[in-house]
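Secondary and tertiary structure notes
Residue strings, one per chain:
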Amino acid sequence: MQSPLLQHYGQTQIRDRMSTHGYKMAKVMMAPGQDLMARAGSMVAYEGLIDFNPNPPQMGQMARSWATGEGVPLMVATGQGELYLADYGKDVVVLQLAGEALSVNGKNILAFDASLQWGIERVKGVSMLSGMGMFNVVLRGHGWVALTSKGTPVVLDTREAPTFVDTDALVAFTEGLSVQPRRTARLGGLFGRGSGEAFQLGFSGQGFVMVQPSEDERPNFSARG
Amino acid sequence: MSQAFTRGQKSPLSALTAGTDLYVGIQLVSPGLTWDISCFGLDAADKLSDDSYFIFFNQPKSPEGAIQKLGEQSGDTDSFRVTLDQVPDKIHKLSFCAAIEGSGSASQIQSGYLRLVAGGQEVLRYSFTGADFGTERAIIITDLYRKGVWRVGAVGQGFAGGLADLIRSYGGEVDDEPAAPPAAPPSFAPPQQQPSPGFAPPPQQAAPSFAPPPVPPQQHAAPAHTGFTPPPPPPPPPGYGQQPGQSFPPPQQPGHPPQQPGFPPQQPGFPQQQQPGYPPQQGFPPQQGHPQQQPGYPQAPGQFGSGLPSQAQPVQPGVMVSLQKYRETPTTGRWTQQNKKLVKVTLGPEAYARRGSMVAYQGDIEFAYKGSGGLKAFFENAATGQGLKLMTCKGQGEVFLAEDAADLHIVELQGHSLCVNANNVLAFDASLQTQVQRIESPGIPGGGMFHLVVSGQGTVVVMTKGTPLTLQCQGPTFADMNAVVAWTAGMRVSVSTQVRISREIYPGASGESVALQFMGLQGHFVVVQPYEV
C-alpha cells in the first residue's frame, strides 16, 4: 500500500512528554507516576494501559465552579502508553512551563501535568462587566501544558503596549499582569446600536496575552453590545 | 537554569556552571545608536598591558584563541566565545564593554542584556535598560575575573567618555579612534565577513579554525533558547527565556530537522523537508542541540511548519520559547497578515470592520456603530439575509481582526473594483468607495443576492471558510451562489437556469441552489470557498 497517509501521518518519534501531531492533536507520553489532567472527553486514541477517571478526588476545588454550570470538566489519566487528545478540531498549542505561571481560559485547556500546581480562578473584572464569570485555570511550576485555540493564535507582548482583548477570544495570559476591564461602547451602544465591541479586558505589565482568531460562540460568557 | 543577575551582583562561576567554554551574548536595543562591543583582557592591575587582549571589531581573536568575537548572531547584538582554561595566567579580568559610535548616550538604551551560555544552556542573564545609566557614552556591562577562581560580576556602569577614553582608562594607547592597537594585524578582515567558527564540532571533525577543543569536550550546543529575541525587560518575568536544565529531555535524534518556514499552501502536496538555510554567521552546526529553537533561527513569528506529523518538532521548555512562533509579526504596512486567520490593521486612518470581529487591540482605539447613510438601509435589511454589520475602528494603534477562525485574505485593490459577497467581508479601508448591488432573480431566496462593490485605492480583507479557489474566467464560469466569495467587477453576471443542483433542504432555504454564471474577459476571476453558507 502506498499513500501519503501512511508516509506522513504515522506516529511521531518524539518521546517528550507532550508534542503535537499535526496542528490539532496532542500526543502525551504516559508513564506511571506521571498523571495527566485532561479535558473530559478529549481522548481520541491511546496505546498502552491508560485509565481515565472522570471524578478524581482532587476535583473538590472545582465543585464550586461546577455548581454554576461553568468551569472546566477535567479527568485524570493514569497509566503507561501514548495518549492522543483533541478538542473538536481546534488547534493545539503545547508548551513547557519552566517555573512560570499561566492563567488559561477554561475553554482552552486541553491537558496538563497533574504535578503542576493548579487552581481555578475567576478572572477579575469580567464579572463586573456582565454579572457572569470567566473561569481560568492557573498553572504554575515545571511541566507540560496543552492548550487549544480555535485557529492559529497570536501572542501579544503586553510590555510593548497595554493590550485589550475581547474576552471571548482570550486564551491565556501570564500571571502578574494587571487586568482592567474596559468599556469602549458609549451608553447608546447598549441599546441595539453597539459596535459589537462593548467590553474588553485590558492587560498591562510584564508578560503576554494569547488570543485566538475566533470569538468562541459557546455559551460561556457573552457581553456583546 | 538561567540565573537573572541584577546590577552589582557577583558570583563564582562554578556556582553557575562547571563548564569553562562559555558563550557570551550581548544584546543592546537602542534605535539609532551604533555600538562597539568589545572585551578587555586586563592584568592584575586592571590595565590593558597587552593590546592583543583587546578584542574588538578589528581584532576578533586573542593570540591563543581563548577569546573570540563571534559577531551578531542568535538574537544577540554581539557575542563572544571564551575558553577560560586557555586564558593566559597574566589576564585576570575580562571586561565586556560597549561604546557608542558617534553621538548619543547610554540612557537611550531601551533594553539590553548580557547572557552566559555554557553547554548549550543559558546560565546567567543580566538585563539592564537605559534607566541604569545617564549621559555616558560607554558602558561596562559585566566582568569575568579571577579571584582564586573565575567569578562573574554584573557591573552595569556607565563611562563618561567614548571607546577611546575607555581604552585610555585601561592604560591602552589610542592612535586614532577607533584605530587598531599596534599589535593588531593590519590585514584582519572584519568579523562580519568571517563566518564564525562552529562551536565544539563533533570530535571526529574538528573545525580547522579552532584551537584544540577543550578537554573534556564541552558540548557547546547553541544556546538553546533566547526566549524572546526582542528586548527582554529590565526585570525579566519569572522564567522568561529560562530553561530548566533538569527537566530538559535530551533530543533523541541528534538532528531534528528544522521546521519548514512558510505556510502549507505555498507548498502544495507533501513537500520534502527543506533546510531553511541558516544565515552564514550562524556558527552552530545544525546537527547539535535543537536547531528549530536556536536563537537566530530564521523562523520568524507567524511562520509555521507544514503541520505534517512526520515533521513534528519537540517542544522546548519555557513558555515564551514554546510560543515563539505565535508571536506578533512585524507590521509591514497598514494591513498585516498575522497568520492565516488573523489580520492586523494599523490605525491612523479609519477602517471599517465586521461588527464583533475585533479580538484584541493595542493603543487608543474606539469602536463605533457604523450604520449611517445608504449602507445601513441595505445591510440591515433582514429580508436580504445578507446583513453586513459594520463598525468603525478609529484611533491610534493596532487592531487584530478575526472572525470564527475563517481564513483571511488581504486584497489590495490598487484602483480596481471587486465585488464581495456580503458574508465574506471582514474589513476594509474607510477611504474605499463602497456600493451595494443586488443580483436579482426570482430563483434567489429573498429575491436577490446582495454584494458589496468596493473600489479605489485601499485594501479589503476577504474571509473564506477553508482554502478558496480562484477561477480565471476564460469561458462561461459557474459558481454556486452560496459558495461564491468574490469576483471582479465588470463581468456579466447572470443567474443560471440550466445548472440547478438539488441540495438537501435546510431550514430557511428553498432546497434549490442557484448558480451564478460569470462571463468575463481575460483577467477576470471568481473566488469560491469550499463551504456553502
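As the structure is a computational prediction, the values presented were derived from the model and not from experiment.

Overview of the overall build of chain A
The number of helices and strands found in chain A is three helices and 15 strands. Going through the 225 residues of chain A one by one, you find that 51% of them count as buried. Taking all contacts inside chain A whose residues are at least 6 apart in sequence as the whole, residues at least 24 apart take part in 80%.

A closer look at the overall build of chain B
Tallying secondary structure elements over chain B gives three helices and 29 strands in all. Residues classed as buried in chain B amount to 46% of the 533 residues present. Long-range contacts, defined as pairs at least 24 residues apart, comprise 75% of the intrachain contacts of chain B with a sequence gap of at least 6.

What about the environment of Pro330 of chain B?
Residue and element names in this part refer to chain B. Within the secondary structure layout, Pro330 lies in the loop between helix 2 (319–322) and strand 13 (335–339). When the 11 C-beta atoms within 10 Å are taken as the criterion, Pro330 is described as exposed. Along the chain, Pro330 and Lys344 lie 14 residues apart, while their C-alpha atoms are 9.9 Å from each other.

Brief notes about the interface of chain B and chain A
With 49 residues of chain B at the interface, the matching set in chain A holds 59 residues. At the level of elements, helix 2, strand 13, strand 16 (358–370) and strand 17 (390–401) of chain B are the ones that each hand at least two residues to the side of chain B that touches chain A. When residues in the side of chain B that touches chain A are grouped by element, the largest group, 10 residues, is from strand 16 of chain B. In terms of residue class, the side of chain B that touches chain A is made up of 27 nonpolar, 15 polar and seven charged.

As for the nonpolar core
Counting 113 residues, the largest nonpolar core has Ala146 and Val211 of chain A together with Leu401 of chain B as its most contacted members. A total of nine residues in this core trace back to one element, the largest contributor, which is strand 6 (residues 91–105) of chain A. With residues near it in sequence (within four places) discarded, Val211 of chain A still touches Pro153, Val154, Leu156, Val165, Ala169, Leu170 and Val171 of chain A together with Val359, Ala360 and Phe400 of chain B.

Here's the deal with the sheet that holds strand 28 (residues 515–519) of chain B
All names here are of chain B. Pairing is antiparallel across the open sheet formed by three strands, whose spatial order is 25-28-27. What marks the edges here is a single partner per strand, and that holds for strand 25 (477–480) and strand 27 (492–496). Along the sheet, successive strands turn relative to each other by an average axial angle of 30 degrees, direction set aside. Bridge count between strand 27 and strand 28: five bridges; the pairing is antiparallel. Residue pairing across strands places Val493 opposite Phe518, the latter belonging to strand 28.

Things to note about the pairing of strand 29 (residues 525–528) of chain B
Residue and element names in this part refer to chain B. By the bridge criterion, four bridges tie strand 24 (residues 469–472) to strand 29 in an arrangement that is antiparallel. Bridging across to strand 29, Thr470 finds its partner in Val527. Bridge analysis of strand 26 (residues 484–488) against strand 29 gives three bridges, and the strand direction is antiparallel. Paired with Val484 across the bridge in strand 29 is Val528.

Topic: the sheet that holds strand 4 (residues 34–42) of chain B
Residues and elements named next belong to chain B. Taken in spatial order, the six strands line up as 2-12-11-8-4-5 in an open sheet, and their pairing is antiparallel. Two strands lie at the open edges of the sheet, namely strand 2 (10–12) and strand 5 (54–55), each paired on one side alone. Here two bridges tie strand 4 to strand 5, and the two strands are oriented antiparallel to one another. Within the sheet, the bridge partner assigned to Cys39 lies in strand 5 and is Ile55.

Quick word on the confidence of the model for chain A
All names here are of chain A. For chain A, mean pLDDT is 79; residues scoring 70 or higher make up 76% of the total. Per-element mean pLDDT across chain A ranges from 46 in helix 2 (residues 63–67) up to 93 in strand 2 (residues 25–30). In the predicted structure, residues 186–193 sits below a pLDDT of 50 and forms 10 contacts with residues beyond four places in sequence or in another chain.

Thresholds, definitions, all that
Numbering of residues starts from 1 in each chain and follows the order in which that chain's sequence is written. Ligands are numbered from 1 and chains lettered from A, in the order in which they are written. Reporting of local features is limited, given that this is a predicted model, to residues whose pLDDT is at least 70; pairs of side-chain atoms are given and counted only at 80 or more, and all residues count toward the totals for whole chains, interfaces and linings. Starting at the N terminus, helices and strands are each numbered in turn, a helix being any DSSP run of H or I of at least four residues and a strand any DSSP run of E of at least two. The burial label depends on the number of other C-beta atoms within 10 Å of a residue's C-beta. Counts of 20 or more mean buried, 12 or fewer mean exposed, and intermediate counts mean partly exposed, with C-beta atoms placed from the backbone. Contacts are defined on C-beta atoms placed from the backbone: any two residues whose C-beta positions lie within 7 Å are in contact. Throughout this entry, Asp, Glu, Lys and Arg are counted as charged residues, while Ala, Val, Leu, Ile, Met, Phe, Trp, Tyr, Cys and Pro are counted as nonpolar. The remaining residues, Gly among them, count as polar. Note on terminology: a nonpolar core is any set of buried Ala, Val, Leu, Ile, Met, Phe, Trp, Tyr and Cys residues joined through C-beta atoms within 7 Å. Any two strands with at least two DSSP-identified bridges between them are counted as paired. A fitted line through C-alpha atoms represents every axis, and for helices the fit uses only the stretch in contact; the resulting angles, taken between N-to-C directions, go from 0 to 180 degrees. Each residue carries a pLDDT score, the predictor's confidence in it, ranging from 0 to 100.

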